[in-house]
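# An overview of the molecular structure
Below, each chain spelled out in residue letters.
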Amino acid sequence: QVHLVESGGGWVQAGGSLKLSCAASGSIFGINTMGWYRQAPGKQRELVATVTSSGRTNYIDSVKGRFIISRVNAENTVYLQMNSLNPLDTAVYYCRYESPYSSTYAWGQGTQVTVSS
């Protein structure tokens, strides 16, 4: 079992920045992928960015060049630095942990990010 606790969401004006944090605890397997999803009202949940335990990252096109995902393995924490935010980034952001080897998957509680125009 893995428990994820998110923090850092809030309200920001367009062009501003926010940094999300997600701390994992519990039965964490060293080889895993952590990432961020987001879901806006009336929209499907979409993958935003991922980072593997080896440091490989992936981003959806709409956030490339603006968002940076990083992690500190020793702390089991993943971050999402969000820059140049625009109203289309408004959504609930969910942290995700995946470890197929241990068949362990977890979601964070979600944190609201609201970007005004």
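To be clear, the structure that these remarks concern was listed above.
About the criteria used
Residues numbered from 1 in each chain as written. Predicted model: local features only at pLDDT ≥ 70, side-chain atom pairs only at ≥ 80, totals over all residues. Heavy atoms only, no water. Phe/Tyr/Trp six-rings, centres within 6.5 Å; stacked < 30°, edge-to-face > 60°. Helix = DSSP H or I, 4+ residues; strand = E, 2+ residues; numbered from the N terminus. Buried < 20%, exposed > 50% of the residue type's maximum accessible area, 1.4 Å probe, protein only. Lys NZ or Arg CZ within 6 Å of the ring centre and 35° of its normal. Pairing = 2+ DSSP bridges. Axes fitted to C-alpha atoms, helices over the stretch in contact; angles between N-to-C directions.

Take the packing of aromatic side chains next. On inspection of all chains with the given rule, the structure shows three aromatic pairs. Ring centres 6.2 Å apart and planes at 80° place the aromatic pair Tyr94 and Trp107 in the edge-to-face group. With Tyr94 in strand β9 (residues 91-99) and Trp107 in strand β10 (residues 104-107), this residue pair connects regions lying 13 residues apart in the sequence. A residue is classified by how much of its surface remains accessible, and Tyr94, at 16% relative accessible area, is buried. The class for Trp107 is partly exposed, based on a relative accessible area of 36%. Taken together, the aromatic side chains of Tyr37, Tyr94 and Trp107 make up a single cluster linked through ring pairs. Between the NZ or CZ atom of Arg96 and the centre of the ring of Trp107, over which it lies, the distance is 4.5 Å.

In space, the four strands of this open sheet follow the order β1-β3-β8-β7, with antiparallel pairing throughout. Only two strands of the sheet have a single neighbouring strand rather than two, namely β1 (2-7) and β7 (67-72). Ignoring which end each strand starts from, the neighbouring axes of this sheet average 15° apart. Relative to strand β8 (residues 77-82), strand β3 (residues 18-26) is paired through six bridges, and the arrangement is antiparallel. Opposite Ala23, over in β8, you have Thr77 as the bridge partner.

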